[in-house]
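Descriptive structure summary
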Amino acid sequence: MVLNPVLGKLVSKRVVLASASPRRQEILTNVGLRFEVVPSWFKETLEKSSFTAPYEYAVETARQKALEVANRMHVKHLRTPDVVIGADTIVSVDEQILEKPVDKQDAYRMLSRLNGKEHSVFTGVAIIHCRSKDNQLEMEITDFYEETKVKFSELSEELLWEYIHSGEPMDKAGGYGIQALGGMLVEYVHGDFLNVVGFPLNHFCKKLAELYYPPSKHNVQHKKYDSIPSVDTFEKLSDGESESSNFTGHKDASKLDSVGIYSLGAVYTSENSSGVRTGFTVPLENQNGVSQSAAKLPSKILELMDGFRASKALFVASKLKIFDHLKDKGPMKAVDIANDVGTSVCGTERLLDACAALGLLEKTLQGYSNTDSANIYLTSDGKYSLHGYIIHSNDHLWPLFTNLESAVKEGSRQNHRAFGKKADDLFKDYYHSQEVKQRFMAAMHSIARLTARDVATAFDLSQFKSACDLGGCTGALAHELVQVYPDLKVTVFDLPEVIANTSYFQPSGQHAASVTFVSGDFFKDNLPEADLYILSRVLHDWPDEKIHVLLSKVSAVCRPGCAILLAEMVLDDEKKNRSTALLQSLNMLVQTEGKERSGTEYRALLEQHGFTNVTIRITGNLLDIILCVKM
Ligand SMILES: Cc1cn([C@@H]2O[C@H](COP(=O)(O)OP(=O)(O)OP(=O)(O)O)[C@@H](O)[C@H]2O)c(=O)[nH]c1=O
């Protein structure tokens, strides 16, 4: 649950935490923020002597961490994040900056320096708002730092070594963790405790308040919040505001400009720490005149309750090909669109308005037109069209999901309830009619196009000369692979009824000849020879028993030095963090005998078939990638 309305502003945005620190992830998760974790590859090697104050070093490192991730995601991935958050925590004592110790001796040196003294912990934070315009990444960076003073007691050598041998110091700035055993070393803390742990949550919320809710014009002299505004302030300020997930052009940004806190391109403001804490409740009087707390809007729950309405609005607009119409003819008035697609004017107008409010369309005096992302993702011939998957979601997944309750009660797929017939396996359902088969193939093609770059580039695959994409359907991934690795030859292996229908999806181009199609059933038939076997979104369709059949066949033809590459949504071991993947697992429940699995579960499946050196790359996108070279 999002407790804080300021954090609520991030709910509809794609937020990325550019940090591998489990503490930062926990602090932000605990307050209900939803985000993806994409650890930064920025090496913390800035020249310390070039900074006049230690906090400047922390802020600059935080900026570089966040910038590296924002740039990498923009270049590598198809969806630029809306917000990237980076942070860097350092300990400063006697004008020296202490980061994470490299070994036990280093930890000892650090802790000895801190022994019996007061030191400062600085966390620099950078918040980058991103948007992609004409394929260029535009960023607005805001940053700040927080200082907390910590004093260590006089500690004996014995205790210091005992602490070092616990292993706790190694991944922590200054060589201690105040939140755990290291708490025993500390005499006092002045300032924000969470800042020491790795993330100054309070200051972060104030910064967001400043960004998203700048003071109103009549109050413009108060340029900065030194407290977090109360709920009613937010509601008044945010009245009528639409929460587009693709950042600006969005109203928040124009508000930022109008009050001059920062402006597009003019980058960032820094400020020092401000320690005021205030609560979030708004006092109200009940009928007896007794003060009580106002009910906070459970925005997350309301959003979930409405989720199906938004999905269905998108589905219907896609089915009616409204985005295709607007791409060719927009901007158009509702009445003209209704005439063209043969729908009622009043219904069409409501649908268009809802789509505009959801950020899918733009509404101006001239009429409705597509947003940039509608042109790319929602038109049926868009560069990364999701049209096929949206129609599949509407026509196939929607009826299945209406039977989710039965699926949960019975623990099994619901195809018979949704479509009135029982098929032995998943693909028989899809391939019983030409229409359903083509719809399903278009859906798989949509997702494969969108994810292919990640699958192809998560690992360097240039040592492989041939690959076989098992269940490779239309060949979308195969074509991406041969673009990235021009020397690679890829065989797409899929059921005969699929292979017979792939021609519609083939691109023309110089590498097209490097992709060939072979029909067969990977559970029964011989597999083509290859150096690399790829299973992208295949294993999640099947129960463990069937996966063992498939992996043993792959293992049998896989020579030493050859490899297997899996692309799946990989769950965290505790199965509690990735809602997209966990919902996908429900999707598997309603229609297959498969499920989404954790890294440990995939590792265990692979290891049973001689694939022992498994590397898992969490991409932060739709699919994570697992590579395993056979020894
Ligand atoms: C003083 C103190 C620090 N830490 C951790 O120290 C790391 C600092 O290193 P960083 O470079 O800022 O972050 P990182 O862990 O390398 O992650 P990244 O953001 O990917 O660079 C962060 O983890 C913090 O929690 C604690 O957990 N407790 C404490 O009391």
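Residues numbered from 1 in each chain as written. Predicted model: local features only at pLDDT ≥ 70, side-chain atom pairs only at ≥ 80, totals over all residues. Heavy atoms only, no water.

Identification of the chain as Acetylserotonin O-methyltransferase like from Malurus cyaneus samueli is taken from an unreviewed UniProt entry.

Our focus in this paragraph is the overall build of the chain. Helices and strands together make up the secondary structure of the chain, namely 24 helices and 20 strands. A total of 631 residues make up the chain; the buried ones form 53% of that total. Across the chain, contacts joining residues at least 24 apart in sequence account for 70% of those joining residues at least 6 apart. Per element, the accessible surface of the chain, about 28800 Å² overall, is 52% carbon and sulfur. (Helix = DSSP H or I, 4+ residues; strand = E, 2+ residues; numbered from the N terminus. Buried < 20%, exposed > 50% of the residue type's maximum accessible area, 1.4 Å probe, protein only. Contact = heavy atoms within 4.5 Å. Areas by Shrake-Rupley, 256 points an atom, 1.4 Å probe, with all protein chains shown as cover.)

Let us now look at the environment of Asp328. Along the polypeptide, Asp328 turns up in helix α11 (residues 322–329). When the C-alpha positions of Asp328 and Asn370 are compared, they lie 9.9 Å apart, and in sequence the two are 42 residues distant.

On inspection of all chains with the given rule, the structure shows 32 salt bridges. Across the pair Glu99 and Lys48 runs a salt bridge whose closest N-O atoms are separated by 2.9 Å. Of this pair, Glu99 sits in the loop between β4 (96–98) and α4 (104–114) while Lys48 sits in the loop between β2 (36–37) and α3 (54–76), and the two are 51 residues apart along the sequence. Overall, Glu99 belongs to the buried group, its relative accessible area being 13%. Each member of the salt-bridge network shares a partner with another, and the members are Glu44, Lys65, Asp88 and Lys100. (Salt bridge = Lys/Arg side-chain N within 4 Å of Asp/Glu carboxyl O.)

Our focus in this paragraph is the sheet that holds strand β19 (residues 613–617). Hydrogen bonds along the backbone pair up the strands of a sheet, which may run parallel or antiparallel. Strand order in the open sheet made by the 7 strands is β14-β13-β12-β15-β16-β20-β19, with mixed pairing throughout. With partners counted over all chains shown, the strands left at the sheet margins are β14 (515–519) and β19, one partner each. Across the sheet, the axes of successive neighbouring strands diverge by a mean angle of 20 degrees, strand direction being ignored. As defined by bridge partners, strand β12 (residues 466–470) adjoins strand β13 (residues 489–494) across 5 bridges and the pair is classed as parallel. (Pairing = 2+ DSSP bridges. Axes fitted to C-alpha atoms, helices over the stretch in contact; angles between N-to-C directions.)

Time to look at the site of the ligand. As a matter of local geometry, the ligand sits amid 21 residues, with Ser19, Arg24, Lys65, Lys100 and Val197 nearest to it. Glu44 has a polar side-chain atom sitting 2.9 Å from an oxygen atom of the ligand. Asp88 places a polar side-chain atom, nitrogen or oxygen, 3.2 Å from an oxygen atom of the ligand. Coverage of the ligand by the protein chains reaches 95% of its 610 Å² of free accessible surface. Counting residues per element, the ones that place at least two in the shell around the ligand are α2 (22–30), β3 (83–93) and α6 (193–197). Looking at the shell around the ligand, the element that brings in the most residues is β3, giving 3 residues. Residue classes in the shell around the ligand are distributed as 7 nonpolar, 6 polar and 8 charged. (Near = heavy atom within 4 Å. Polar contact = N/O pair within 3.5 Å; in protein donor to acceptor, adjacent residues only side chain to side chain. Nonpolar A, V, L, I, M, F, W, Y, C, P; charged D, E, K, R; others polar.)

Here the focus is the nonpolar core. Residues Leu470, Phe522, Leu535 and Ile564 are the most contacted members of the largest nonpolar core, which totals 71 residues. Among the elements that line this core, the one with the most residues is helix α19 (residues 434–457), at 7 residues. Both of domain 2 (301–385) and domain 3 (431–629) provide at least three residues apiece to this core. In contact with Phe522, other than residues within four places in its own chain, are Leu470, Gly471, Phe493, Leu527, Val538, Trp542, Leu550 and Lys553. Membership of the second largest hydrophobic core comes to 47 residues, among which are Leu111, Phe144, Ala173 and Leu208. (Core = buried A, V, L, I, M, F, W, Y, C linked by side-chain atoms within 4.5 Å. Domains from an automatic or database assignment.)

All right, on to the packing of helix α15 (residues 387–401) against helix α23 (residues 579–591) then. Orientation of α15 relative to α23, taken along the N-to-C sense of each, is 65 degrees, at an axis distance of 10 Å. Put simply, α15 runs roughly perpendicular to α23. When you trace α15 past α23, the crossing you get is left-handed. On the side of α15, the interface is formed by Tyr389, His396, Leu397, Leu400 and Phe401, while α23 contributes Leu583, Leu586, Asn587, Val590 and Gln591. Classifying every residue of the contact of α15 with α23 by side-chain character gives 7 nonpolar, 3 polar and no charged. (Parallel < 35°, antiparallel > 145°, perpendicular 65-115°, else oblique. Left-handed = near helix turned anticlockwise from the far one by under 90°.)

Despite not being glycine, Asp94 has its phi angle at roughly 45 degrees, a positive value. Residue position: Asp94 is located in the loop between β3 and β4. Even without being glycine, Cys473 reaches a positive phi, approximately 50 degrees. Positionally, Cys473 belongs in the loop between β12 and α20 (476–484). By relative accessible area, Cys473 is classed as buried at 10%.

Here the chain averages 85 in pLDDT, and 84% of its residues register 70 or above. Low pLDDT, under 50, characterises residues 217–225; the predicted model gives this stretch 16 contacts beyond four residues in sequence or across chains. Predicted confidence is poor over residues 229–293, with pLDDT under 50, and the contacts of this stretch with residues over four places away or in other chains come to 132 contacts. Scoring of the predicted complex yields 0.56 for pTM and 0.99 for ipTM. (pLDDT = per-residue confidence, 0-100.)

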